[in-house]
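Structural overview for review
Chain by chain, the residues:
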Amino acid sequence: MNWLRSNLFNNVFNSSVTVLLGTLLLYALTQAWGWAIGQAVWVADAEQCHAARGTGACWGVVAEKYRIIIFGRYPFEEQWRPLLATLLLMALLLASCMRVFWQRWFAAVWVVVLTVFFILMHGGVLGLATVTTDQWGGLPLTILLASMSVLGAFPLGILLALGRMSDLPVIRSLCTVYIELIRGVPLISVLFMASFLFPLFMPEGTSIDVLVRVLVAMVLFAAAYLAEVIRGGLQAIPRGQYEAAVSLGMGYWLMQRKIILPQALATVVPGIMNNFISTFKDTSLVTIVSLYELTGSLDLAVNSDPDWMAYKLEGYLFIALIYFVFCFSLSRYSQWVERQVNRGKVH
Amino acid sequence: MSDYMIEFAKVNKWYGNHFHVLRDIDLQVRRGERIVICGPSGSGKSTLIRCINRLEAHQQGTVTVDGLELSDDVKVLHEVRRKVGMVFQQFNLFPHLTVLENLTLAPIHVNKLPKAEAEERAMLQLQRVQIAEQAHKYPLQLSGGQQQRVAIARTLCLTPQILLFDEPTSALDPEMIKEVLDVMTELAEQGITMLCVTHEMGFAKSVADRVIFMDQGQIVEENNPHDFFNRPRSERTQAFLAKILAH
Ligand SMILES: Nc1ncnc2c1ncn2[C@@H]1O[C@H](COP(=O)(O)OP(=O)(O)O)[C@@H](O)[C@H]1O
Ligand SMILES: [Mg+2]
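Below, the structure is looked at part by part.

What counts and how
Residues numbered from 1 in each chain as written. Chains lettered and ligands numbered in written order. Predicted model: local features only at pLDDT ≥ 70, side-chain atom pairs only at ≥ 80, totals over all residues. Heavy atoms only, no water. Helix = DSSP H or I, 4+ residues; strand = E, 2+ residues; numbered from the N terminus. Buried < 20%, exposed > 50% of the residue type's maximum accessible area, 1.4 Å probe, protein only. Contact = heavy atoms within 4.5 Å. Areas by Shrake-Rupley, 256 points an atom, 1.4 Å probe, with all protein chains shown as cover. Lys, Arg positive; Asp, Glu negative; His and termini not counted. Charge placed at Lys NZ, Arg CZ, Asp CG, Glu CD. Near = heavy atom within 4 Å. Polar contact = N/O pair within 3.5 Å; in protein donor to acceptor, adjacent residues only side chain to side chain. Nonpolar A, V, L, I, M, F, W, Y, C, P; charged D, E, K, R; others polar. Pairing = 2+ DSSP bridges. Axes fitted to C-alpha atoms, helices over the stretch in contact; angles between N-to-C directions. Expected span 1.5 Å × (residues − 1). Patch = residues over 30% accessible without salt bridge, like charges linked within 9 Å, V, L, I, M, F, W, Y side chains within 5 Å. Salt bridge = Lys/Arg side-chain N within 4 Å of Asp/Glu carboxyl O.

1. Looking at the overall build of chain A
Each helix and strand in chain A was counted, giving 15 helices and one strand. Principal axes of the C-alpha set define a box for chain A whose edges measure 75 × 75 × 40 Å. Here chain A, with 347 residues, has 42% of them falling under the buried criterion. The contacts in chain A between residues at least 6 apart in sequence include a share of 68% that link residues at least 24 apart. Accessible surface for chain A amounts to roughly 18,700 Å². Of this, 69% is attributable to carbon and sulfur atoms. Of the charged side chains in chain A, 22 are positive and 19 negative; the average position of the first set lies 16 Å away from that of the second.

2. Comments concerning the site of ligand 1
Residues and elements named next belong to chain B. For ligand 1, the full set of nearby residues is Tyr15, Phe19, Val21, Pro40, Ser41, Gly42, Ser43, Gly44, Lys45, Ser46 and Thr47. In the model, an oxygen atom of ligand 1 is placed 3.0 Å from a nitrogen or oxygen of the Gly44 main chain. Secondary structure elements with two or more residues in the shell around ligand 1: β2 (19–30) and α1 (45–50). The leading source of residues in the shell around ligand 1 is α1, at three residues. Taken together, the residues of the shell around ligand 1 break down into four nonpolar, six polar and one charged.

3. Things to note about the sheet that holds strand β1 (residues 4–15) of chain B
Residues and elements named next belong to chain B. Read from one edge to the other, the open sheet built from four strands follows the order β2-β1-β4-β5, with strand pairing classed as antiparallel. Unpaired on one side and paired on the other, β2 and β5 (68–69) mark the two borders of the sheet. Relative to strand β4 (residues 60–65), β1 runs antiparallel, the two being bridged by five bridges. Bridge assignment links Ile6 to a residue of β4, and that residue is Val65.

4. A look at the sheet that holds strand β7 (residues 162–166) of chain B
All names here are of chain B. Sheet architecture is open: six strands sit in the order β6-β7-β8-β3-β9-β10, paired in mixed fashion. Both outer strands of the open sheet, β6 (84–87) and β10 (218–223), are each paired with one neighbouring strand and no more. If you compare each strand with its neighbour and ignore which way they point, the axes differ by 20° on average.

5. Brief notes about helix α5 (residues 144–156) of chain B
Along its 13 residues, α5 of chain B runs 19 Å from first to last C-alpha, staying within 8% of the 18 Å computed at 1.5 Å per residue. Burial within α5 of chain B is extensive, with 13 of its 13 residues counted as buried.

6. Structural notes on a nonpolar patch on the surface
Residue and element names in this part refer to chain A. A cluster of nonpolar residues, Met1, Trp3, Leu4, Phe9 and Val19, forms a patch on the protein surface that exposes about 570 Å² of accessible area. Mapped onto the fold, Leu4 is located in helix α1 (residues 2–7). Residue classification places Leu4 among the partly exposed positions, given a relative accessible area of 31%.

None of this, on its own, says anything about what the molecule does.
Here it is in structure tokens:
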């Protein structure tokens, strides 16, 4: 009450602004509520949806099309496979976030889970029908692209950052040129090159899977940005840390691994997580090269069906919710990591 | 091979192209000798001792450590750095590691000691500097004097034959200076070769075999502590001592 009085109603001007904004906010909220909840149609009934147009949302589009939105062009009868594969991959990612699993043997778990993921998705063995990667789509593809890009970009970003700080002029210029080049172009053009230009340079008859090419492009792109974030952390490390390490007889890699990088990375956890979150959302751009991840599969689901074409907005809100859940979790996780790495810093 | 532990012969060093920081340094340090280096700020004291473990590289002349001539040869460098321990003004402990981890990191990963043995040795060194009860704290949870004693213990874990101190007490509050000097005095009595940049003249008088005075990149004067303090020969030394001892 006191807070209200001293912050929102402390003079005539502030009071009237508060009342005005409050009224607007209330109006907007009731309108939104009416559209999204009150007047909304929840069943997959095109007639009802049509009747409610303009006043209520049609969530029926989600009920009708969720299989395509979530799994894209993956054959309908086989969709238990991406479901199982995605659950496995998510479990692996969740576990990797926990301290108890930060062990060497967990790398083996990664290899096993990724192999199982690939077998389930691709099939061709164990009596599973083959589903080529151009048919993969929806959420499984989004999660696969995001996690693999992050997994690849992190070590590459570290190497690039170290390279850019190196005493060796050749390595330093190579890394600098690479980083500036990649940062100078949009992701879309890198994706285009990976998917259309790159095959032109390949010998006749050979081809690399489009998914792999796109993944490599995303890794190369994300790594350049990550490298700059990490370089910021490296610059925060006082010279004395290097000198102490060197005078204790440590070589370059040992020093980086045990002394410099742990401290440098700890100072830039928010920046790194920021990068991971953008990478996650950047996966939506691969639609442009005909990979139907979550955003692409939504188009696929509604664009071709005149009955439901009108309710794309509802579909977008639905996948926005999915993106939000993932990105918000990442951001909460980032705060936890920050607390973990700052434990030694208490005075 | 000479019986000198450290030998500078006609050493010159420049920072950049123009700043001549060490000028014709000739210095021989005997095995087990304890040397105090003093001189005005910016006279090149830190640079001089940092040339011994090649934190800085010299451009002319030779620096020999226990018979090994310093060069860019990484093998030689590694050998030399195993023999030479260094204690810094700003301690330079690793803040993300506990005190014990600070002490065991190099023994485990550089000297390939088993972890248990490294920890056992580390605890012995911590007892020696009277700080064993802090083994599991993080450096920033300790006082400056305690941190510097940890830093000393850290270099001792590698059993160095030479110890370099670069103004080890300059960053400390006055009440903590003595606890660090006591540890250094104890070390000096063990027969380890010591080069110590310091303005603690009491320490110099009671511990040093030889005091060296540097100014503008040159060794201006060296003598045993008694004669150095009572009969300084050069005018620059006299002026410096007058300033230091006035405090
Ligand atoms: N890395 C460096 N680059 C350029 N100049 C330096 C560097 N380190 C020290 N100097 C300069 O060299 C001189 C001697 O430095 P130093 O050896 O630290 O002196 P002291 O330890 O006696 O105070 C000072 O003038 C200092 O500014
Ligand atoms: Mg100095």
